[in-house]
Amino acid sequence: MALEPRSVAQLAGASLSLLGWVLSCLTNYLPQWKNLNLDLNEMENWTVGLWQACVTQEEVGTQCKDFDSFLALPAELRVSRVLMFLSNGLGLLGLLAAGLGLDCLRLGESRRGLKKGLLILGGTVLWAAGVAALVPVSWVAHRTVQEFWDETVPEIVPRWEFGEALFLGWFAGFFLLLGGGLLNCAACSTQAARASGHYVAAETQDRRQHPETNKTHLKI
């Protein structure tokens, strides 16, 4: 049995949203938000995340240390912690709400209005989760670019560059926005599809109740 377009949109939106939420959780805890390569010692590489700083050496391996104080962090990292936690929480709530509103879930099938409302709520919350994930990674990236091209810093001083976690965060926000948009579109198209189905059912029932009228139309 072929899936209806709205069912395909719902499954695609839920899958993209789940992928975006997983990536946002990884972005939150990975220490590769910024990388620092030392020209004087190419065997040593520093990385910084929201929660810890790590140094990788060929002989010793990777060693990480958690930040001691939240208030001692730069403003962009403090705000990024809060926004990434917010994105993770909103993403989980959005997935739960949208999951209960999917057509493939038979739970509450008789309450179509409630399922549509849950689907719209889930899509909207996932949109908010996507924005909450894009803001911190974009802010940290902006600050990194500013510091990299700061002319007041001597050229001999090493510069921080983009880390892998920033790109994961951009993908996470994009997938959450796209998934939430698909869920909202699917919820809005559901009513029209069901309305046409009710019209066909009502027309069929009317023909069954008035067989003589149908025969007359056939004779004419």
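Residues numbered from 1 in each chain as written. Predicted model: local features only at pLDDT ≥ 70, side-chain atom pairs only at ≥ 80, totals over all residues. Heavy atoms only, no water.

With that settled, the discussion passes to the environment of Gly123. Looking at the element boundaries, Gly123 is found in helix α3 (residues 112-148). For Gly123, a relative accessible area of 0% gives the class buried. Linking Gly123 and Leu178, residues 55 residues apart in sequence, is a C-alpha distance of 9.4 Å. In this structure, Gly123 is in contact with Gly180, Leu183 and Asn184, ignoring residues within four places of it in sequence. (Helix = DSSP H or I, 4+ residues; strand = E, 2+ residues; numbered from the N terminus. Buried < 20%, exposed > 50% of the residue type's maximum accessible area, 1.4 Å probe, protein only. Contact = heavy atoms within 4.5 Å.)

What UniProt calls "transmembrane region" (unreviewed entry) maps, in this numbering, to residues 82-105, 117-141 and 167-187. Secondary structure content for residues 82-105 is 79% helix and 0% strand, while the C-alpha to C-alpha distance between its ends is 33 Å. Overall, residues 167-187 shows 100% helix and 0% strand. The separation of its end C-alpha atoms is 30 Å. (UniProt positions renumbered as here; feature names shortened; annotations may be inferred.)

Here we come to helix α1 (residues 5-29). Since the α-helix packs 3.6 residues into each turn, any two residues three or four apart lie on the same face. Look at α1: 37 Å from first C-alpha to last across 25 residues, which is about the 36 Å you get at 1.5 Å a residue. Of all the positions in α1, only Arg6, Ser7, Ala9, Gln10, Gly13, Ser17, Gly20, Leu23, Ser24, Thr27 and Asn28 are classed as buried. (Expected span 1.5 Å × (residues − 1).)

On to the packing of helix α2 (residues 75-100) against α3. Where α2 meets α3, the closest approach of the two axes is 7 Å, and the angle between their N-to-C directions is 160°. As judged from the angle between their axes, α2 and α3 are roughly antiparallel. In the packing of α2 onto α3, the handedness of the crossing is left-handed. For the contact of α2 with α3, a count of residues per class yields 24 nonpolar, five polar and four charged. (Axes fitted to C-alpha atoms, helices over the stretch in contact; angles between N-to-C directions. Parallel < 35°, antiparallel > 145°, perpendicular 65-115°, else oblique. Left-handed = near helix turned anticlockwise from the far one by under 90°. Nonpolar A, V, L, I, M, F, W, Y, C, P; charged D, E, K, R; others polar.)

Below, the discussion takes up the nonpolar core. By size, the foremost hydrophobic cluster in this structure holds ten residues: Trp33, Leu50, Leu73, Leu77, Met84, Val137, Val140, Ala141, Ala165 and Leu166. Taken together, the elements giving at least two residues each to this core come down to α2, α3 and α4 (164-209). With three residues, the top contributor of residues to this core is α3. Filtering out sequence-adjacent residues up to four positions away, Met84 remains in contact with Ser24, Thr27, Asn28, Trp33, Leu50, Ala132, Ala133 and Pro136. (Core = buried A, V, L, I, M, F, W, Y, C linked by side-chain atoms within 4.5 Å.)

Attention shifts here to the side chain of Arg81. Position of Arg81 relative to the elements: it lies in helix α2. Among buried charged residues, Arg81 stands out as having no salt bridge; its nearest opposite-charge side chain is Asp66, 7.6 Å away. A distance of 2.7 Å separates a polar atom in the side chain of Arg81 from the backbone oxygen of Leu50. (Lys, Arg positive; Asp, Glu negative; His and termini not counted. Salt bridge = Lys/Arg side-chain N within 4 Å of Asp/Glu carboxyl O. Polar contact = N/O pair within 3.5 Å; in protein donor to acceptor, adjacent residues only side chain to side chain.)

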